Amino acid sequence: CEIFYMKDFFPKGVAWVNSEFVDISEAHIPILDWGFLRSDATYDVVHVWKGRFFLLDKHIDRFFMSSKKLKMPCEISRHKLKKILAGCVKQSGLENAYVEMIQTRGMSPTFDRDPRKSNPRFIAFAVPFGWILKPEDIEIGLDAAVTKIKRIPPNSVDPTIKNYHWLDLVSGMFEAYDRGHQTGILVDEKNNILEGPGFNIFSLNKNVLMTPKKGVLQGITRGAVIDIAKELRLPVKLESISIKKLMSSSEIFATSTAGGIMPITKIDGKKIGLGNFGETTRKLYKIYWEKHFDLDWSLSVEEILK
Ligand code: PLP
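Note that this is a predicted model, so its numbers are computed, not measured.

Rules used in this analysis
- Residues numbered from 1 in each chain as written.
- Predicted model: local features only at pLDDT ≥ 70, side-chain atom pairs only at ≥ 80, totals over all residues.
- Heavy atoms only, no water.
- Helix = DSSP H or I, 4+ residues; strand = E, 2+ residues; numbered from the N terminus.
- Polar contact = N/O pair within 3.5 Å; in protein donor to acceptor, adjacent residues only side chain to side chain.
- Contact = heavy atoms within 4.5 Å.
- Pairing = 2+ DSSP bridges.
- Axes fitted to C-alpha atoms, helices over the stretch in contact; angles between N-to-C directions.
- Salt bridge = Lys/Arg side-chain N within 4 Å of Asp/Glu carboxyl O.
- Buried < 20%, exposed > 50% of the residue type's maximum accessible area, 1.4 Å probe, protein only.
- Left-handed = near helix turned anticlockwise from the far one by under 90°.
- Nonpolar A, V, L, I, M, F, W, Y, C, P; charged D, E, K, R; others polar.
- Near = heavy atom within 4 Å.
- Areas by Shrake-Rupley, 256 points an atom, 1.4 Å probe, with all protein chains shown as cover.

*Asks:* Would you mind going over the side chain of D168 in detail, with residue names and values included?
*Replies:* With respect to the helices and strands, D168 occurs in helix α4 (residues 167–178). Engagement of the side chain of D168 in a polar contact is seen with the side chain of R151, the distance being 2.6 Å. Residues within four places of D168 in sequence aside, it is in contact with I149, K150, R151, I152 and L186.

Below, the structure is given as structure tokens:
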């Protein structure tokens, strides 16, 4: 009979838990952790491309801000955090990695219901880089549905704190799959579009880039696009985008650490603009990937571990 090992069920990867590096298949947390029982956690994901972290300090800034806002500040210094993340990547042997840092509320030894009685927990891991849209499908782009599911309102869960309250996003994905599309874009109470499962949205309309100002995660890739657009003297407006406005875009794209800049060529099966990987999206995409080797935007794993 065939023998399976835990490792067979996991991707390649290394985690940092309980203050040590372990193979990803051996990384465990107690089931009584509030992070697991209540989604009471924050996290951030940075990627490593060809051995270099991309915009690492921006991800760490957002992680520290999120954990502070949730009153579970990360007690690990920026310097040590970088060493831990780089250590996970180095030990995993991955050239291209998806690197996650997590702060949970932790657990209380008496299972106290008061979150202040818990001891926060820090976890990190590196696994292979994952794409929302695979590079081989970039010319085809994504066919996204605008869902009936609304995003959790920002006055309930602050979307600028990166969080695991994903049931709206996951329900949106299933709604999209059921309707024959690849992913979903969620809306607010006024039916303005917001964001999707793990990505922000940009629309190009009459040569002006638009992205929702609020109600969304202030994505690091979104910020990178805004900076690149400035370099290109391409105007950017941060404002609400109605479904009608979205449908009249000449180009639409999603932005995420999990894949960068990804064209959305169809909404609800209808072509956007020419229905292809548009010229402006392509220009931004090219510069975005070039920036991965720019010393102001990236930092090598080896440099951190020196
Ligand atoms: N919006 C949500 C809800 C996300 O979870 C993410 C990333 O996971 C993004 C947007 C994109 O953010 P970033 O560009 O920082 O990866």
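*Asks:* Pulling in residues and values, what's your account of the sheet that holds strand β3 (residues 41–49)?
*Replies:* Read across the sheet, 7 strands follow the order β2-β1-β6-β5-β3-β4-β16 without closing on themselves; strand pairing throughout is antiparallel. Two strands lie at the open edges of the sheet, namely β2 (20–23) and β16 (298–300), each paired on one side alone. Within the sheet, the average angular offset between the axes of one strand and its neighbour, ignoring direction, is 25°. Pairing geometry for strand β1 (residues 14–17) and β2, over 4 bridges, is antiparallel. Within β2, the position partnered with V17 by the bridge is E20. Helix α2 (residues 56–69) rests against β3, β4 (52–54), β5 (97–107) and β6 (119–128) of the sheet, and its axis sits at about 175° to β3.

*Asks:* Describe the pattern of salt bridges, naming the residues involved and giving the relevant values.
*Replies:* Under the definition given, this model contains 19 salt bridges. The salt bridge partner of E231 is K291, with a shortest N-O separation of 2.9 Å. Of this pair, E231 sits in helix α5 (residues 220–231) while K291 sits in the loop between α7 (279–290) and β16, and the two are 60 residues apart along the sequence. Assessed through its relative accessible area of 10%, K291 is described here as buried. A cluster of three or more residues bridged by salt bridges with shared partners is formed by D57, D61, R78 and K82.

*Asks:* Give a description of the packing of α2 against helix α3 (residues 78–92) that names residues and reports values.
*Replies:* Pairs of packed helices are described in terms of their axes, by the angle between the two and the distance that separates them. It is at 11 Å that the axes of α2 and α3 come closest, and there the two elements cross at 115°. The hand of the α2/α3 crossing is right-handed. On α3, the residues that touch L56, D57, I60, D61, F63 and F64 of α2 are R78, L81, K82 and L85. Along the lines of polarity and charge, the residues of the contact of α2 with α3 split into 6 nonpolar, no polar and 4 charged.

*Asks:* Residue-level account of the site of the ligand, with values.
*Replies:* Surveying the vicinity of the ligand reveals 17 residues, the closest of which are K162, E195, I220, T221 and T257. Between K162 and the ligand, the recorded distance is 2.5 Å, taken from a side-chain N or O atom to an oxygen atom. Here the ligand, which alone exposes 390 Å², has 94% of that area covered by the protein. If you list the elements that add at least two residues to the shell around the ligand, you get β9 (195–196), β10 (199–205), α5 and β13 (251–256). Across the shell around the ligand, the residue classes tally to 5 nonpolar, 8 polar and 4 charged.

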